[in-house]
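# Examination of the molecular architecture
The residues making up each chain are set out below.
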Amino acid sequence: MTIWFTTAYKELLTKRSSLNDLKEQLRFHEGLYAKARDGPDGRSAKGMVETSRMLCREATKSYNRILHKPMNRVPALLMGFRAVNEENK
């Protein structure tokens, strides 16, 4: 049972950390886009924001898939891991 919970914890924590890093990167790119929006680099900055959003959506889907795997449901619930809403990046 300990191995089960430890394995689930490591897998979920890794995915959640990756998702948090991507969310931070998205915020960073949104800030850069806000500054460069009307300048010559606006189009490039917008592309980076869109790429970051796509990566965040995919990471969110991946995290939620791992969270809802039958082997992870009970440990995730008991250890406080919750599903992430794609709209609330």
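Analysis parameters
- Residues numbered from 1 in each chain as written.
- Predicted model: local features only at pLDDT ≥ 70, side-chain atom pairs only at ≥ 80, totals over all residues.
- Heavy atoms only, no water.
- Axes fitted to C-alpha atoms, helices over the stretch in contact; angles between N-to-C directions.
- Helix = DSSP H or I, 4+ residues; strand = E, 2+ residues; numbered from the N terminus.
- Parallel < 35°, antiparallel > 145°, perpendicular 65-115°, else oblique.
- Left-handed = near helix turned anticlockwise from the far one by under 90°.
- Nonpolar A, V, L, I, M, F, W, Y, C, P; charged D, E, K, R; others polar.
- Contact = heavy atoms within 4.5 Å.
- Salt bridge = Lys/Arg side-chain N within 4 Å of Asp/Glu carboxyl O.
- Buried < 20%, exposed > 50% of the residue type's maximum accessible area, 1.4 Å probe, protein only.
- Arc of directions from axis to C-beta.

Moving on, we come to the packing of helix α1 (residues 2-36) against helix α2 (residues 42-67). Axis angle and axis distance: for two packed helices, these are the angle between their axes and the distance between the axes, and together they describe the pair. Running from N to C, α1 and α2 cross one another at 160°; their axes reach a closest spacing of 8 Å. Here α1 lies roughly antiparallel to α2, going by the angle between them. Considering how the two elements wind past one another, α1 and α2 form a crossing that is left-handed. Grouping the amino acids of the contact of α1 with α2 by side-chain chemistry returns 15 nonpolar, six polar and seven charged.

The subject of this paragraph is the packing of α1 against helix α3 (residues 70-79). As a packed pair, α1 and α3 sit with axes 9 Å apart at the nearest point and diverge in direction by 80°. In terms of axis orientation, α1 runs roughly perpendicular to α3. Across the interface between the two elements, Trp4, Phe5, Ala8, Tyr9, Glu11 and Leu12 from α1 touch Met71, Asn72, Val74, Pro75, Ala76, Leu78 and Met79 from α3. Classifying every residue of the contact of α1 with α3 by side-chain character gives eleven nonpolar, one polar and one charged.

This paragraph deals with the pattern of salt bridges. Side-chain pairs of opposite charge can arise where the charged atoms are in close proximity. Here the structure, examined in full by the defined rule, presents five salt bridges. What emerges from the salt-bridge pattern is a single network uniting Glu30, Glu50 and Arg53.

Here we come to the side chain of Asn72. Tracing the backbone through its elements, the reader meets Asn72 in helix α3. If near-sequence neighbours (up to four positions away) are discounted, Asn72 is found in contact with Ala8, Glu11, Ile66 and Leu67.

The subject of this paragraph is α3. Taken together, the buried positions of α3 are occupied by Asn72, Pro75 and Ala76. Seen along its axis, α3 keeps its buried residues to an arc of 105°; they face one direction. Counted as exposed and oriented over 90 degrees from the buried face of α3: Pro70, Leu77 and Leu78. Close packing links the buried residues of α3 with α1 and α2. With its phi angle positive at about 90°, Gly80 sits one or two positions after the end of α3.

With that settled, consider the environment of Glu30. Inspection of the secondary structure assignment puts Glu30 in helix α1. Sequence-distant contacts of Glu30, that is, excluding residues within four places in its chain, are made with Val49 and Arg53.

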